[in-house]
Amino acid sequence: MERSTRQRTAIRAAIEAAARPLSPHEIHDAVRVTVPEIGIATIYRNLKLLLGEGEIQAVTLPGENPRYETSHLAHHHHHHFHCVPCDRVFEVEGCPGRMDDLAPAGFVIDRHELTLYGECAECAAKRKGKAAPEPATVATKRPARAHKH
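Cut-offs used in this document
- Residues numbered from 1 in each chain as written.
- Predicted model: local features only at pLDDT ≥ 70, side-chain atom pairs only at ≥ 80, totals over all residues.
- Heavy atoms only, no water.
- UniProt positions renumbered as here; feature names shortened; annotations may be inferred.
- Helix = DSSP H or I, 4+ residues; strand = E, 2+ residues; numbered from the N terminus.
- Polar contact = N/O pair within 3.5 Å; in protein donor to acceptor, adjacent residues only side chain to side chain.
- Core = buried A, V, L, I, M, F, W, Y, C linked by side-chain atoms within 4.5 Å.
- Buried < 20%, exposed > 50% of the residue type's maximum accessible area, 1.4 Å probe, protein only.
- Contact = heavy atoms within 4.5 Å.

A. Representation of the UniProt feature "binding site: Fe cation" (unreviewed entry) in the protein within the structure. Mapped onto the present numbering, the UniProt feature "binding site: Fe cation" (unreviewed entry) falls on H77 and H112. On the basis of their most widely separated C-alpha atoms, the annotated residues across 36 residues gather in one place, lying no more than 9.6 Å apart. With respect to the helices, strands and loops of the structure, H77 is situated in the loop between α4 (71-74) and β3 (79-83). Its place among the elements puts H112 in the loop between β4 (89-93) and β5 (115-118). Here H79 takes part through its side chain, which lies 3.3 Å from a polar atom of the side chain of H112.

This is how it looks when you write it as structure tokens:
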């Protein structure tokens, strides 16, 4: 286990405070508030260490660079919402359930990932000229159902 540094502590805190997957550049911006001298190379180096220690998980969306969230978020089944205008990613609670009917006949699904694309509340409000609510995550209308993935 690596020793804890001020930079690593700040990176860990930024990821936890966001409660959503962050890109390395979003992490860099957040950490510079408390550690102004930190460079992007230090962010990447520490992300690699935190991944190796299992403290964070990579969230990879199709065609995108990885973003990072805390492992405790990653260890429960959830999906993501990618806001196209601001390029932020949010956690989506809930799931449509088993998707066996979507697979070709005879295929067996082990797991699935679902990414929704659109505008977050803040971007939609800006486009409409209104004030936006400030949710930490995006929730679905139906509650999460227990199922195996």
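B. Region of the structure containing the nonpolar core. Core analysis: the biggest nonpolar cluster contains 14 residues, and I11, I15, I27, V31, I43 and L47 have the highest contact counts within it. Those elements that provide at least two residues to this core are α1 (6-18), α2 (24-31) and α3 (40-52). The dominant element in this core, judged by the number of residues it contributes, is α1, at four residues. Aside from chain neighbours lying at most four places away, what touches V31 is A10, I11, A14, I38 and I43. Residues C83, V92, C120 and C123 belong to the second largest nonpolar core, which totals six residues.

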